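What the coordinates show
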Amino acid sequence: MGNRRPGPALLEVVVPARNEAGRLPAGLDLLSDRLAALPARAEVIVVDNASTDATAEIVRSWRGPVPVRLLTCDRPGKGAAVRTGLLATRAPYIGFMDADMATDLAALDDALVLLREGRTVVVGSRRHEASVVEGYALPVRRLGAITFNRIVRDLVGGIQDTQCGFKFFAGPLGRAAARDLRTTGFSFDVELLAHCVRRGAPVTAIPVVWRDRPGSTFSVRRHSLQCLIDLARIRARVTGPLVPAPAPASEPVLGPLPALPDRGLPSASSAGQG
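Residues numbered from 1 in each chain as written. Predicted model: local features only at pLDDT ≥ 70, side-chain atom pairs only at ≥ 80, totals over all residues. Heavy atoms only, no water.

1. Quick word on the packing of aromatic side chains
Under the defined criterion, the tally for this structure stands at 2 aromatic pairs. An angle of 45 degrees between the planes, with centres 5.7 Å apart, marks the rings of phenylalanine 96 and phenylalanine 188 as tilted. Taken together, the residues phenylalanine 96 in strand S4 (residues 93-97) and phenylalanine 188 in helix H7 (residues 188-197) connect sequence positions 92 residues apart. A relative accessible area of 0% places phenylalanine 96 in the buried class. The exposure class of phenylalanine 188 is buried, given its relative accessible area of 0%. Here the basic side chain of arginine 126 rests over the ring of tryptophan 210, its NZ or CZ set 5.0 Å away from the ring centre. (Phe/Tyr/Trp six-rings, centres within 6.5 Å; stacked < 30°, edge-to-face > 60°. Helix = DSSP H or I, 4+ residues; strand = E, 2+ residues; numbered from the N terminus. Buried < 20%, exposed > 50% of the residue type's maximum accessible area, 1.4 Å probe, protein only. Lys NZ or Arg CZ within 6 Å of the ring centre and 35° of its normal.)

2. What to know about H7
The buried count for H7 comes to 10 of 10 residues, which makes it a mostly enclosed element. All of the buried residues along H7 are Phe188, Asp189, Val190, Glu191, Leu192, Leu193, Ala194, His195, Cys196 and Val197.

3. Overview of the sheet that holds strand S7 (residues 166-170)
Taken in spatial order, the 7 strands of this open sheet run S3-S2-S1-S4-S7-S5-S8, and their pairing is mixed. Among the strands making up the open sheet, the edge pair consists of strand S3 (68-73) and strand S8 (204-207). The mean angle between the axes of side-by-side strands here comes to 25 degrees, regardless of whether they run parallel or antiparallel. Packed on one face of the sheet, helix H4 (residues 107-116) meets strand S1 (11-17), S4, strand S5 (121-125), S7 and S8 and runs near 20 degrees to S7. (Pairing = 2+ DSSP bridges. Axes fitted to C-alpha atoms, helices over the stretch in contact; angles between N-to-C directions. Contact = heavy atoms within 4.5 Å.)

4. Remarks on the pattern of salt bridges
Using the criterion set out here, one finds 14 salt bridges in the structure. Between arginine 41 and glutamate 43 there is a salt bridge, and its shortest N-O distance comes to 2.7 Å. As a salt-bridge pair, arginine 60 and glutamate 57 come within 3.7 Å of each other at their nearest N and O atoms. Of this pair, arginine 60 and glutamate 57 both sit in helix H2 (residues 55-60), 3 residues apart, which is roughly one turn of the helix. Residue class for arginine 60 comes out exposed when judged on its relative accessible area of 54%. Residue class for glutamate 57 comes out partly exposed when judged on its relative accessible area of 44%. It is possible to trace a salt-bridge network through shared partners that takes in Glu20, Arg23 and Asp100. (Salt bridge = Lys/Arg side-chain N within 4 Å of Asp/Glu carboxyl O.)

5. Here's the deal with the nonpolar core
One recurring pattern in soluble globular proteins: nonpolar side chains tend to sit buried together. Counting residues in hydrophobic clusters, the biggest one holds 39 residues, and the most contacted among them are Val121, Phe169, Val190 and Leu192. Top element by residues in this core is H7. It accounts for 7 residues. Every residue in contact with valine 121, bar those within four places of it in the chain, is listed here: Phe168, Phe169, Leu173, Leu193, Cys196, Ala201, Pro202, Val203 and Thr204. (Core = buried A, V, L, I, M, F, W, Y, C linked by side-chain atoms within 4.5 Å.)

In short, shape yes, function no, at least from these values alone.
Okay, structure coming up:
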């Protein structure tokens with residue numbers, strides 16, 4: 001059943017895309033079909049991040065079961081693209097996912113249930129004990145990721161994986177955090193989550209099925225120094241008193257969802273950070 005129904009979207013998913021003409025069609029197919037199965041209107045926002053290939057043309061000509069719109073971000077950097085997309089949302093629930101859809105979309109069910117229950121930040125974690133991770137990077141990159149996350153855990157509410165490309169928010173909180181976001185490079189996730197935490201919002205990590213996809217543009221050798229510089233700037237930027245998290249969106253929430261299989265997801269009263 002399609003999801004092209006009248007009225008405002010209750011969920012908007014941002015997909016940053018820089019030269020993703022090769023992977024985007026398959027990713028949009030997967031995402032559109034999954035969103036179309038939800039019992040509420042959902043939309044996709046693809047942010048073309050200064051691409052030099054046919055990324056924009058693919059989105060403009062896309063026809064699928066849910067609306068997909070194109071935004072342009074001429075400033076290079078995934079953080080800049082995600083910020084552009086999140087600030088363009090209006091839905092009560094918002095989030096972003098990588099164009100390669102490395103995170104299995106079954107996690108959307110879990111994220112939406114938790115958002116409906118009042119969680120304001122829900123992120124996928126490859127280091128969750130119930131996660132299934134296939135083909136995760138070279139050992140040096142994996143070690144670097146573990147070290148990176150240990151450095152920033154105090155900024156992001158204690159979660160163990162800040163870099164999984166699957167993050168969802170209560171709309172008002174996500175937009176407020178995006179407005180404060182200044183990091184354009186690979187460390188932007190840390191700053192985005194830190195802006196949520198400093199507003200008093202806990203971060204809930206959920207298990208995911210994650211499959212490594214070829215084509216990552218991150219290089220330990222080329223990008224590690226810049227990441228460390230960005231982290232120092234982020235730490236200085238987010239230091240300050242906590243302010244109250246925005247009130248939950250007043251829009252109607254998603255309608256009843258079918259019961260989900262137990263994949264180790266914590267209950268509403270016990271879901272934790274990590």
